[in-house]
Amino acid sequence: MSTDTVVDTVAAADLTGVLPDMDVAGRADRVRALFDEADVDALLVTDLSNVRYLTGFTGSAARLLVTDDGMLLVTDGRYAAQAPDQIAAHGVTAAVAVGTTLKEQDEVLAAAAGTG
């Protein structure tokens, strides 16, 4: 079987139901459950792979603030529509804020964390 045939066969295969849906929505709760043990009130997530793990957001610019009672994803204007759509599609509840500069984004995060 040639490589092209294998690729065509895989592309044509119906993979629906092969893998279970990811439980993105429950991940933040599992992180929050560790807050007391770690003696923290909030977690600022800056690594994009971790932002994606917790929210399902796939953009290339974002930071996520996880608190006891919610989450705030801060990104830039390129993702003003994409961020809320992807988050909702994964069953995650989070506020989304857009800052046009890093300084604006920092100010939004600081205010949400109660440090600004």
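Residues numbered from 1 in each chain as written. Predicted model: local features only at pLDDT ≥ 70, side-chain atom pairs only at ≥ 80, totals over all residues. Heavy atoms only, no water.

A closer look at the overall build of the chain
Helix and strand counts for the chain stand at six helices and four strands. In the chain, the order of α-helices and β-strands from amino to carboxyl end is α-α-α-β-α-β-β-α-β-α. Across the 116 residues that make up the chain, the buried fraction comes to 29%. Of the roughly 7500 Å² of accessible surface on the chain, a fraction of 54% belongs to carbon and sulfur atoms. (Helix = DSSP H or I, 4+ residues; strand = E, 2+ residues; numbered from the N terminus. Buried < 20%, exposed > 50% of the residue type's maximum accessible area, 1.4 Å probe, protein only. Areas by Shrake-Rupley, 256 points an atom, 1.4 Å probe, with all protein chains shown as cover.)

Structural notes on the sheet that holds strand 4 (residues 95-98)
Strand order in the open sheet formed by four strands is 1-2-3-4, with mixed pairing between adjacent strands. A strand with exactly one partner marks an edge of an open sheet, and here the two such strands are strand 1 (42-45) and strand 4. This sheet shows a mean twist of 15° between the axes of neighbouring strands, independent of strand direction. The strands touched by helix 4 (residues 48-55) within the sheet are strand 1, strand 2 (62-67) and strand 3 (70-75), with strand 2 carrying the most contacts at an inclination of about 55°. (Pairing = 2+ DSSP bridges. Axes fitted to C-alpha atoms, helices over the stretch in contact; angles between N-to-C directions. Contact = heavy atoms within 4.5 Å.)

What about the environment of Val66?
Among the secondary structure elements, Val66 is positioned in strand 2. Through-space distance from the C-alpha of Val66 to that of Asp41 is 8.9 Å; in sequence the pair is 25 residues apart. Not counting residues within four places of it along the chain, the set of residues in contact with Val66 comprises Arg32, Phe35, Ala42, Leu43, Val45, Leu54 and Met71.

Concerning helix 6 (residues 102-113)
Across its 12 residues, helix 6 extends 16 Å between first and last C-alpha, which sits within 8% of the 16 Å expected from 1.5 Å per residue. Two residues or fewer after helix 6 comes Gly114, characterised by a positive phi angle close to 80°. (Expected span 1.5 Å × (residues − 1).)

Observations concerning the pairing of strand 3
Walk down a regular strand and you will see the side chains alternate between the two sheet faces. Within strand 3, six of the six residues are buried, leaving the element largely enclosed by the surrounding structure. Taking every second residue as pointing to the same face, both faces of strand 3 are buried, with Gly70, Leu72 and Val74 on one and Met71, Leu73 and Thr75 on the other. The turn linking strand 2 back onto strand 3 is made up of two residues. Viewed along the sheet, the connection from strand 3 through helix 5 (residues 82-89) into strand 4 turns out right-handed. (Right-handed = clockwise from strand over helix to strand, strands pointing away.)

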